[in-house]
Amino acid sequence: VKKGTVMILLQSKDKDWWKVDHNGRIGFVPAVYLKTLPPDDEIPASVAVPEKLVDIKGKYDELCTAAENRKKNLEETVEYHVLIAEVGEVEGWVTEQERDVTQTSIAEELPFLLHQLNKHHEFERELAGTEPLLAAVNEKAANLIENGHSKEADIQSSVDNLDRRYDNLVRLAARKQNQLEDKKNLLTFFKNVDECIDWIEEKKKPLLAAETNGDLDLVKTSQRNHMGVVRELQAIHGNVESLHEQGDTLLTGQPGVESGVRDKLKDLDEQWSEVEEANEVHSDWLKKCVELAEFKKTFADLGDSLDQIKT
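This is a predicted model, so every value here is computed, not measured. (Residues numbered from 1 in each chain as written. Predicted model: local features only at pLDDT ≥ 70, side-chain atom pairs only at ≥ 80, totals over all residues. Heavy atoms only, no water.)

What follows deals with the sheet that holds strand 3 (residues 25-30). What the three strands build is an open sheet, ordered 1-2-3; its pairing is antiparallel. The sheet is open, and its two edges are formed by strand 1 (8-11) and strand 3, each paired on a single side. For this sheet, the mean angle separating the axes of adjacent strands, direction not counted, is 40°. Where strand 2 (residues 17-22) and strand 3 come together, six bridges link them in antiparallel fashion. Its bridge partner lying in strand 3, Val 20 is registered against Gly 27. (Pairing = 2+ DSSP bridges. Helix = DSSP H or I, 4+ residues; strand = E, 2+ residues; numbered from the N terminus. Axes fitted to C-alpha atoms, helices over the stretch in contact; angles between N-to-C directions.)

Dropping the structure here:
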């Protein structure tokens with residue numbers, strides 16, 4: 001080692017001997033013969049820096065650049081896979097819901113249908129609750145693309161496909177909702193018709209019963225009771241007309257149910273015609289009973305008067 005020789009300090013833990021590199025040769029030199037140089041901008045021009053130092057600095061700069069590029073690539077890879085994982089999670093949920101919406105058959109009985117409709121309402125709330133998550137995924141993808149991510153095309157394709165599938169699920173859900181509502185209206189109509197028919201048959205029973213007692217007071221009581229039945233029949237008639245309106249609405253909105261609706265209305269009209277006829281017959285019969293009871297009473301009163309005259 002000569003005075004003025006510039007070397008690279010590798011290690012100075014030992015206060016007596018420092019480890020150095022001189023033109024590729026590594027060894028230990030007594031620390032008393034060495035001193036550290038000031039920063040590059042303070043090194044006197046008289047000190048010659050070997051070409052080896054310049055080469056090392058260039059390689060170091062290249063290494064730093066490569067490290068930065070590597071770091072950027074790793075960060076991009078992590079961001080990409082995190083985004084794809086989030087897209088996959090939402091897509092998995094969409095796939096499951098598509099299967100439920102398209103493969104679950106619509107119930108044919110009203111109680112089960114109402115339960116099914118409630119479940120669908122819960123699903124629609126869950127569907128709406130997924131929109132913020134979808135928006136967050138789209139925002140993250142937009143930021144990556146805006147920052148010049150190397151997988152820009154793949155990112156755009158993934159979120160576009162997710163958006164299309166989500167929009168399709170929304171359409172499927174709306175269609176299923178309409179189908180369930182249509183079925184609910186149809187089954188409710190059938191139920192209301194059956195209840196109305198049962199009500200008609202219940203009111204028809206007393207109209208078909210024959211009065212046997214000829215007492216005037218009892219006959220007039222029966223006539224007053226019949227007037228109550230007539231008022232109830234008027235209410236039933238309003239219900240019959242309302243059911244016809246409901247049936248017309250169903251026939252307009254659901255052409256495929258024409259046969260079932262018309263059959264129900266036919267049964268309803270037949271029952272109503274029967275009760276109307278029974279009511280008319282019963283009304284006439286009560287009038288005759290009243291007339292007969294009044295005649296009997298008049299005849300009895302006349303007999304009593306004649307008996308009094310004889311005495």
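The next thing to look at is the layout of surface pockets. Here the second largest pocket defines a volume of roughly 330 Å³. Along the walls of the second largest pocket sit 14 residues, with Asp 100, Thr 104, Gln 116, Lys 119 and His 120 positioned nearest its centre. The set of elements that each furnish at least two residues to the lining of the second largest pocket consists of helix 1 (51-103), helix 2 (110-146) and helix 3 (152-208). Top contributing element to the lining of the second largest pocket by residue count: helix 2, with seven residues. Looking at the lining of the second largest pocket residue by residue, the classes come out as four nonpolar, six polar and four charged. (1 Å grid on protein atoms, 1.4 Å probe; cavity = no way out; pocket = protein on both sides within 12 Å on 5 of 7 lines; lining within 4 Å. Points joined across faces, edges and corners; volume = space filled by probe spheres on them. Nonpolar A, V, L, I, M, F, W, Y, C, P; charged D, E, K, R; others polar.)

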